[in-house]
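# Inside the fold
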Number of protein chains: 2
Amino acid sequence: MHSNLALIKRYQEFLPVSDKTPIVSLGEGNTPLVAARNLPGALGYPQLSLSFKLEGLNPTGSFKDRGMTLAISKAVEARARAVICASTGNTSASAAAFATKAGLTCYVLLPAGHVALGKLAQAILYGARVIALAGNFDVALDMVRALADENNLTVVNSINPFRLEGQKTAAFEVVEQLGRAPDYLFIPVGNAGNISAYWRGFKTYKEARRADSTPKMFGFEAEGSAAMVRGQPIANPETIASAIRIGNPASWQEAARAAQESNGKIDSVSDQEILEAYALLAKHEGIFCEPSSAASLAGLIKHLKLGTVIKDATITCVLTGNGLKDPNTALELVKADLSPVAPDPSKLKEVMQL
Amino acid sequence: MHSNLALIKRYQEFLPVSDKTPIVSLGEGNTPLVAARNLPGALGYPQLSLSFKLEGLNPTGSFKDRGMTLAISKAVEARARAVICASTGNTSASAAAFATKAGLTCYVLLPAGHVALGKLAQAILYGARVIALAGNFDVALDMVRALADENNLTVVNSINPFRLEGQKTAAFEVVEQLGRAPDYLFIPVGNAGNISAYWRGFKTYKEARRADSTPKMFGFEAEGSAAMVRGQPIANPETIASAIRIGNPASWQEAARAAQESNGKIDSVSDQEILEAYALLAKHEGIFCEPSSAASLAGLIKHLKLGTVIKDATITCVLTGNGLKDPNTALELVKADLSPVAPDPSKLKEVMQL
């Protein structure tokens, strides 16, 4: 039978809510975990037990919805005047959607330029007040903090403590869907909140005896914004992976601890490696994710080659966003001759090489 | 706890499969049914119990995945050489993804022009062989039929009998999620397969005593391609709702019967009504669907005004596709001043009218 409970209700015992918290839900969470069918063989590791957590199938197209349902519900409970965030895209879409559902105004400050078309259209259509800022993500975040304090606005960036609490539910689902914790979790790292949240979730489930183990956490920044790998913030991060183009991760310390405590690693992958993994997912597994999401698979491929990973391990790659968020990257990557062909079967047979 | 079963496995007893059918799954189905929070009041019908079935959260972004998992699984079982379809977009994306997962070549014939960006990028990235045809959808379908017969290709358009069988599972889920069948189902009508499939599903669940009743089926064509409403095929259908721009529906007869048997109706809505409903969904409920999908809500609004619908009825509107499939429509609809603002709190406060 079919559960239609809001994410917060399903995992209420592990979340900072009471029965009085007004739940704002858009059908978030409960995303598929899909077993790889072709990639392990194609990569030369046929014994891998590999699965993908499709977070792009959340209502606004990214994992952000898991944290946002909680952040907005708590903002309503606290009688916030409005909500505000700085965003490169996915956060703004999610914040705008949940705020709209709750009847709250959502202000979005975004760095001018560098924003994927689908994401911006989404937030504006949901009714967000979008303001372009002459500055990068970090400057936008500073402005958000300054404005929120004196105007009773709730900040819904990942510095909002409820965001990560909501996001940890993805780890719960992975354990339930696999029937165990994976040996390794591979995940993109941008603001570093999501890897931190998954680690909380896996630890929580082990403590609650819902899992016997926790995975090694392997997080991957894009090379051009790999602040944690380099050990210092990056003033002008550059990568095609716009959703993880962040030069000073808000959850840096917690993410570093997650990698350390779990015997994992924070590493980086190049734009080229990300784009290759992105294309491999579509071509071998029929999965269309955001370019940034493919940093997890790119990282796995890198570490398979390095010999870090046991060859028959159980591995989950988190795919954080929907490929439809960024159709241009797909179109730039593919070649197709779309000149019209006459509607004639024998002519078509020739074109199709049948 | 969390079910991670493939759609076919979950509803195996109601589907034409055996234990030997090789199941090809991408995590389809199990989509949210979300209760409206703001729209009933905003429309002036606060007593309506209204919900939305978010079929855009399927793996390739549309309801087509429900039928395609079955069509491709059966094609593999029948040892097809490859699969082929004519498509305005969503079908091609779905067919390409499932074929890729199965290791089959997918040929897509599409009418040159009039194709939404995200949809085309998707099919090509999944590895489909896309061929643009000088002709409309109906001509493309003729070519598909001609080529399939003599080349052992499986046609995966909705004339494939397994497609509608798979799609009927959405009705099963609606019943389970509501705890009953709705009084009315509102749904877009293009090729007329989906309304036919839902009706099969509701009837099946009533016969199996999993529901006490069946809903009245209200299907909506776009005015510019309203063949069923006009009572004759339309040679050159025109509507902004590209996913239902079909002049000669393949499932015309079955859809007409569904409306008749259920005391429902096949009706039409204008492009203007569709776009208004599309914007209302985003602005009041935080739902971003394909423009075509909003034909269901546009139809409901039309019939609320006509007085056809009981004011405290339980109503489900099917939203067939993801709004991210067509970001341009969103951008054309919204206005936003995105000229960069200086990063100065007092300046921002002024812009934000705080």
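An account of the accompanying structure is given in this report. What you are looking at is a predicted structure, and each value in this text was computed from that prediction instead of being measured.

Take the overall build of chain A next. A tally of helices and strands in chain A yields 15 helices and ten strands. Its C-alpha atoms give chain A a radius of gyration of 20 Å, near enough to 20 Å, the size a compact globule of 354 residues would have. Counting the 354 residues in chain A, one finds 65% classified as buried. Counting contacts in chain A only where the partners sit at least 6 residues apart, residues at least 24 apart contribute 72% of the total. In the form shown here, chain A has an accessible surface area of approximately 12,200 Å², with 47% of it arising from carbon and sulfur atoms. For chain A, the centre of its 35 positive side-chain charges and the centre of its 33 negative side-chain charges are spaced 4 Å apart.

Tallying the contact residues gives 92 residues for chain B and 91 residues for chain A. Carbon and sulfur atoms supply 68% of the area that chain B and chain A bury against each other, a total of about 7,500 Å² over both sides. At the junction of chain B and chain A, the tally comes to four salt bridges. A salt bridge links Glu150 of chain A to Lys349 of chain B; the shortest N-O distance between them is 4.0 Å. Remark: the boundary between chain B and chain A carries 19 residue pairs in polar contact (both at pLDDT 80 or more).

On to the nonpolar core, then. Counting 141 residues, the largest nonpolar core has Phe52 of chain A together with Phe52 of chain B as the members making the most contacts within it. Examining the composition of this core, we find that seven residues originate from one element, helix H4 (residues 90–102) of chain A, more than from any other. Sequence-distant contacts of Phe52 of chain A, that is, excluding residues within four places in its chain, are made with Pro32, Leu33, Val34, Ala36, Leu39, Leu281, Glu285, Ile287, Leu297, Cys317 and Leu319 of chain A.

Take the relation of the copies chain B and chain A next. Of the transformation placing chain B onto chain A, the axial shift is 0.0 Å and the rotation is 180°, giving an RMSD of 0.0 Å. The transformation just described matches what one would write down for a two-fold rotation axis. When you check the interface residues of chain B against chain A, 99% turn up at the interface there too, and the contact is symmetric in its surfaces.

Residue and element names in this part refer to chain B. Reading across the sheet, the four strands line up as S5-S4-S3-S6 and stay open at both edges, with parallel pairing between neighbours. Strand pairing shows two members of the sheet lacking a second neighbour, strand S5 (129–133) and strand S6 (153–155), which therefore form its edges. In this sheet, adjacent strand axes meet at a mean angle of 25° when their direction is disregarded. Examined bridge by bridge, strand S3 (residues 82–86) and strand S4 (residues 106–111) share four bridges and lie parallel to one another. Paired with Val83 across the bridge in S4 is Cys106. Where helix H6 (residues 137–151) meets the sheet, its contacts fall on S3, S4, S5 and S6, and the angle it forms with S3 comes to roughly 160°.

With that settled, consider the packing of aromatic side chains. Residues and elements named next belong to chain A. Inspection of the entire model under this criterion finds 22 aromatic pairs over all chains. On the numbers, 6.2 Å between centres and 40° between planes, the contact of Tyr198 with Phe202 is tilted. Here Tyr198 pairs with Phe202, and both are found in helix H9 (residues 193–207), just four residues apart, close to one helical turn. Ring plane angle 45° and centroid distance 6.3 Å describe the contact between Tyr278 and Phe288, whose orientation is recorded as tilted. In this pair, Tyr278 sits in helix H12 (residues 271–285) while Phe288 sits in the loop between H12 and helix H13 (295–306), placing the two residues ten residues apart along the sequence.

Another point: helix H8 (residues 169–178) of chain B. Residue and element names in this part refer to chain B. Among the ten residues in H8, nine count as buried, and that is most of the element. Taken as a whole, H8 has its buried residues at Thr169, Ala170, Ala171, Phe172, Glu173, Val174, Val175, Glu176 and Gln177. Looking one or two residues beyond H8, the residue adopting positive phi is Gly179, at roughly 80°.

This part is about helix H12 (residues 271–285) of chain B. Residues and elements named next belong to chain B. Its 15 residues place the ends of H12 21 Å apart at the C-alpha level, agreeing with the 21 Å of an ideal helix rising 1.5 Å per residue. Buried within H12 we find Ile274, Leu275, Ala277, Tyr278, Leu281, Ala282 and Glu285. Along the long axis of H12, the arc covered by the buried residues comes to 160°, so they all point the same way. Backbone geometry just downstream of H12 places Gly286 in the positive-phi region, at approximately 65°.

All names here are of chain A. Relative to each other, H12 and H13 sit at 105°, their axes nearing to 8 Å. By the angle class used here, H12 and H13 are roughly perpendicular. Contacts between H12 and H13 involve Glu273, Ile274, Ala277, Leu280 and Leu281 on the former and, on the latter, Ala295, Leu297, Ala298 and Ile301. Counted by class, the contact of H12 with H13 contains eight nonpolar, no polar and one charged residues.

All names here are of chain A. All told, the structure shown has 28 salt bridges over all chains when counted by the stated rule. Salt-bridge contacts for Arg210 lead to Glu13; the nearest nitrogen and oxygen are separated by 2.9 Å. In this pair, Arg210 is assigned in the loop between H9 and strand S8 (216–222) and Glu13 in the loop between helix H1 (7–10) and strand S1 (33–35), connecting sequence segments 197 residues apart. Given the relative accessible area of 36%, Arg210 is considered partly exposed. With a closest N to O distance of 2.5 Å, Arg180 and Asp183 form a salt bridge. For Arg180, a relative accessible area of 34% gives the class partly exposed. Residue Asp183 is classed as partly exposed on the basis of its relative accessible area of 29%. In this structure, a network of salt bridges that share partners links the residues Arg10, Lys53, Glu55, Arg66 and Glu173.

Residue and element names in this part refer to chain B. Note that Glu221 resides in strand S8 (residues 216–222). In this structure the side chain of Glu221 is engaged in a polar contact, spanning 3.1 Å, whose partner is the backbone nitrogen of Met228. If we skip the residues at most four places from it in the chain, Glu221 touches Val189, Ala226, Ala227, Met228, Val229, Ile244, Pro249, Ile266, Asp267, Ser268 and Val269.

Reading the values: rules and limits
- Residues numbered from 1 in each chain as written.
- Chains lettered and ligands numbered in written order.
- Predicted model: local features only at pLDDT ≥ 70, side-chain atom pairs only at ≥ 80, totals over all residues.
- Heavy atoms only, no water.
- Helix = DSSP H or I, 4+ residues; strand = E, 2+ residues; numbered from the N terminus.
- Rg over C-alpha atoms; globule rule 2.2 N^0.38 Å.
- Buried < 20%, exposed > 50% of the residue type's maximum accessible area, 1.4 Å probe, protein only.
- Contact = heavy atoms within 4.5 Å.
- Areas by Shrake-Rupley, 256 points an atom, 1.4 Å probe, with all protein chains shown as cover.
- Lys, Arg positive; Asp, Glu negative; His and termini not counted.
- Charge placed at Lys NZ, Arg CZ, Asp CG, Glu CD.
- Buried area = accessible area lost by both parts, 1.4 Å probe.
- Salt bridge = Lys/Arg side-chain N within 4 Å of Asp/Glu carboxyl O.
- Polar contact = N/O pair within 3.5 Å; in protein donor to acceptor, adjacent residues only side chain to side chain.
- Core = buried A, V, L, I, M, F, W, Y, C linked by side-chain atoms within 4.5 Å.
- Least-squares fit on C-alpha atoms with pLDDT ≥ 70 in both.
- Pairing = 2+ DSSP bridges.
- Axes fitted to C-alpha atoms, helices over the stretch in contact; angles between N-to-C directions.
- Phe/Tyr/Trp six-rings, centres within 6.5 Å; stacked < 30°, edge-to-face > 60°.
- Expected span 1.5 Å × (residues − 1).
- Arc of directions from axis to C-beta.
- Parallel < 35°, antiparallel > 145°, perpendicular 65-115°, else oblique.
- Nonpolar A, V, L, I, M, F, W, Y, C, P; charged D, E, K, R; others polar.

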